[in-house]
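Chain by chain, the residues:
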Amino acid sequence: MADTPGCCSACATCLLCPYSCQWITAKKEKRKGLRTTKCDCSWFLFLFCVFLFTLVWFYFAIIILNDFHNFNEFIFRQRKLWLDWSLVLLIATAVLISYSSVLLVLALCLQLCGQPLKLHWVHKTLLILTALVVAAAFTGLGIKWAEEWKSARISLQATGPFLHIGTVGGMTLLAWPLASFIYRTRNTGLRVFLLLVYCAAMIALYLAPLGITSPCIMEENQLPPKPALVGHRGAPMLAPENTLMSLHKAVECDVQVFETDVMVSADGVPFLMHDEELTRTTNVQAVFPDRAAQSTAFNWTDLQQLDAGSWFLERKPFPTVQSLSPADRNETTRQRIPSLGQALEAAKQSNISIMFDLRPENHSDYQNFVNVTLGVILQSGIPLQQVLWLPDGFREDVKQQAPGVQQVYGRKRLKNEKEPVLHVNLPYQDMSSEEIRQYRQDNISVNLYVVNQPWLFSVLWCSGVSSVTTNACQVLKEMKHPIWLLPSSTYFMIWIVVDCVSFLIIIWAFVLLKKCSHRRRPAESETDVLLTKINSLMQE
């Protein structure tokens, strides 16, 4: 396939040893004059594809970190095992991407040195396993967590311009080993094919910004106001979720709404709890080991015996638990399950709104749950405009009994809406930037959940969303500006400069390596003639 003029023995050995797993390969290959075969080229192509495949998964792994706490909760409900699986994901992904990256760099350096690409069978096996693991990860993501594909599309609005620059840079650097291979190979058809593929890829990359859209490509004076923060179960990174401590920590983070979940005890007391079982966020198994942990099966007296805070210190659902002060740790251990009445009183005193779901929606006594909950709200004395009602069940009854309560819908507005929809609460994957802008123009408040990462908050900020529900209120509170904001003229200039610089570097690489190849050929020809004469003399 390609000539192997060689480089210094030490360099060749250092490159070949990890790639071919043989210390003496460099000298042997030089003596035998072996070349890179078609099979070796096929394995290099497979290595390149595995690298790209793993790189895409690495990108997905970073994106889905925004929602990974939901995955941790899902695993706990299924297996009763708590672990921060995001660490497992990141470590495994880092190992895979590092392995394929090192192999690819070695292969490219070997090509530049003119050495044969003899990939060892161990590496071939590991590459196949890497491809299978990543394929299984993508398959599992598509089956069990399909909404993350929408998250990836949204992420491109935040990363698209930078991915374009990085990809152009990577493909530009690839011009050096590609030019080296093209000038060394004797297969004209392969030369033409590689050049055409590379040129087509670069042209597509140079024109890619024509298809890149982002709400953050705008003028500074067009930036909408910063979205208000809604504390998801309070401030769950700073305190146990759905507790009064979590509510107070959320207030310290300047949240405007405390979002929670309400259930009703067996004796008719509404209380704050997300899960249908008490296992994850209380010590119910220690206090009542012989009872089923169904939340609604306990009366209020029994619920008050449960510790709703110590689990937070034991399981450490978020890395921020490590940084809690001694005073916060002490307060955490004293947390109990709060009633809705207690939460309403705290919200009234803190002058924040409260938004909640009423669970479980499929309970046979759900209408009574609605009536009991409304009774507590009306008796609490909280201004009704500070209460945001999420449950869809028996909504008309709620409107009649408490007309001042703000109705929040967990769906998009309909074409033939009987009453105007003023507030919607949706997953952030379910609304495009265009829809958010349209709702904003129509004076409809849009709250999207759950938004934890600054990149996602920046995209939604630029889109004009009214508010976001977040676990990371302490992080988003400190953001005074989106991560990036570019006027279209500035982005256009960056695009043109990057493409021009890339084009010049590619031309330079091909011209320079062509001159180097011409200098090597006379020396190689003289060596061939000398070897031929020596061989003839020996035969005589």
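What you are looking at is a predicted structure, and each value in this text was computed from that prediction instead of being measured.

How each quantity is defined
- Residues numbered from 1 in each chain as written.
- Predicted model: local features only at pLDDT ≥ 70, side-chain atom pairs only at ≥ 80, totals over all residues.
- Heavy atoms only, no water.
- Core = buried A, V, L, I, M, F, W, Y, C linked by side-chain atoms within 4.5 Å.
- Buried < 20%, exposed > 50% of the residue type's maximum accessible area, 1.4 Å probe, protein only.
- Helix = DSSP H or I, 4+ residues; strand = E, 2+ residues; numbered from the N terminus.
- Contact = heavy atoms within 4.5 Å.
- UniProt positions renumbered as here; feature names shortened; annotations may be inferred.
- Salt bridge = Lys/Arg side-chain N within 4 Å of Asp/Glu carboxyl O.
- Domains from an automatic or database assignment.
- Buried area = accessible area lost by both parts, 1.4 Å probe.
- Pairing = 2+ DSSP bridges.
- Disulfide = S-S within 2.5 Å.
- Expected span 1.5 Å × (residues − 1).
- Arc of directions from axis to C-beta.
- Polar contact = N/O pair within 3.5 Å; in protein donor to acceptor, adjacent residues only side chain to side chain.
- Axes fitted to C-alpha atoms, helices over the stretch in contact; angles between N-to-C directions.
- Left-handed = near helix turned anticlockwise from the far one by under 90°.

Caption draft 1: Just the nonpolar core, in detail. Residues L448, F457, L460 and V468 are the most contacted members of the largest nonpolar core, which totals 42 residues. Of all the secondary structure elements, the ones that give two or more residues to this core are α3 (38-63), α7 (147-173), β7 (423-427), α18 (433-441), β8 (445-449), α19 (454-463) and α20 (473-476). Broken down by element, the residue count for this core peaks at seven residues, all from α19. If we ignore the near neighbours within four places in the chain, the residues touching V468 are P227, A228, L229, V230, N447, L448, V451, F457, L460 and L476. Counting 26 residues, the second largest nonpolar core, distinct from the first, contains V262, L340, Y366 and W389.

Caption draft 2: Highlighting the UniProt feature "transmembrane region" (unreviewed entry) in the protein. What UniProt calls "transmembrane region" (unreviewed entry) maps, in this numbering, to residues 41-65, 85-113, 125-143, 163-183, 190-212 and 492-513. Helix makes up 100% of residues 492-513 and strand 0%. Its end C-alpha atoms lie 32 Å apart.

Caption draft 3: Highlighting the pattern of salt bridges. This model, assessed by the stated rule, comprises 22 salt bridges. Among the ionic pairs, E252 bridges to K249, the shortest N-O distance being 4.0 Å. Of this pair, E252 and K249 both sit in helix α10 (residues 244-252), separated by three residues, roughly a single helical turn. Close ionic contact of R395 with D392 constitutes a salt bridge, the shortest N to O distance being 2.6 Å. Given the relative accessible area of 6%, R395 is considered buried. Taken together, the shared-partner salt bridges connect E73, R77, R233, E241, D261, D275, R280 and R359 into one network.

Caption draft 4: Representation of the domain arrangement of the protein within the structure. On domain assignment, one finds that the protein holds domain 1 (11-145), domain 2 (150-214 + 486-518) and domain 3 (228-274 + 311-477). Distance between the C-alpha centres of domain 2 and domain 3: 47 Å. Counting from both sides, the interface comprises six residues of domain 2 and, opposite them, seven residues of domain 3. Taking both sides of the interface into account, the surface hidden between domain 2 and domain 3 amounts to around 600 Å²; carbon and sulfur atoms contribute 65%.

Caption draft 5: Representation of the pairing of strand β2 (residues 257-264). By the criterion of burial, β2 is predominantly enclosed, with eight of the eight residues buried. Alternating positions in β2 separate into two faces, V257, E259, D261 and M263 on one and F258, T260, V262 and V264 on the other, with burial throughout. Pairing geometry for strand β1 (residues 228-232) and β2, over three bridges, is parallel. For H232, the partnering residue across the bridge sits in β2 and is E259. Across six bridges, β2 lies against strand β4 (residues 353-358) in parallel orientation. Note on β4: the bridge partner recorded for D261 is D357. The pairing of β2 with strand β3 (residues 270-272) spans three bridges and is classified as antiparallel. Along β3, the bridge assignment pairs V262 with L272.

Caption draft 6: Structural view of the state of the cysteines. Per the stated rule, a full pass over the model turns up one disulfide. What pairs with C216 in a disulfide is C462, and their sulfur atoms sit 2.3 Å apart. Given an S-S torsion of about 100°, the disulfide between C216 and C462 has right-handed geometry. Here the residue C216 occupies a position in the loop between α9 (188-207) and β1, and C462 occupies one in helix α19, the gap between them amounting to 246 residues.

Caption draft 7: Main features of α9. Helix length check: α9, at 20 residues, gives a terminal C-alpha distance of 29 Å against a target of 28 Å (1.5 Å per residue), a fit within 8%. Those residues of α9 that fall on the buried side of the exposure criterion are Y198, M202, L205 and Y206. An end-on view of α9 places all buried positions within 95° of arc, on one side of the element. Facing away from the buried side of α9 by more than 90 degrees, the exposed set consists of F193, L196 and I203. By the N-cap criterion, in which a side-chain oxygen at the helix start approaches the backbone nitrogen of a residue two or three places on, α9 is capped by N187, the distance to G189 being 3.1 Å.

Caption draft 8: Looking closely at unusual backbone geometry. That bond from R359 to P360 is cis: its omega, -15°, falls within 30 degrees of zero. Here P360 shows up in the loop between β4 and α16 (366-380). With an omega of -20°, the peptide bond between Y449 and V450 qualifies as cis. One can find V450 in the loop between β8 and α19. Its identity as a non-glycine residue notwithstanding, R233 has a phi of 60°, on the positive side.

Caption draft 9: Molecular detail of the UniProt feature "domain: GP-PDE" (unreviewed entry) in the protein. Here, UniProt's "domain: GP-PDE" (unreviewed entry) annotation points to residues 227-480. Within residues 227-480, the helical portion is 34% and the strand portion 16%, while the C-alpha atoms at the span's ends are 11 Å from each other.

Caption draft 10: Structural context of the packing of helix α15 (residues 340-350) against α16. Running from N to C, α15 and α16 point in directions that differ by 35°, and their axes come no closer than 10 Å. Like other packed secondary-structure pairs, α15 and α16 cross with a definite hand, here right-handed. In this structure, α15 contributes L340, G341, L344, E345 and K348 to the contact, and α16 contributes T373, V376, I377 and S380.

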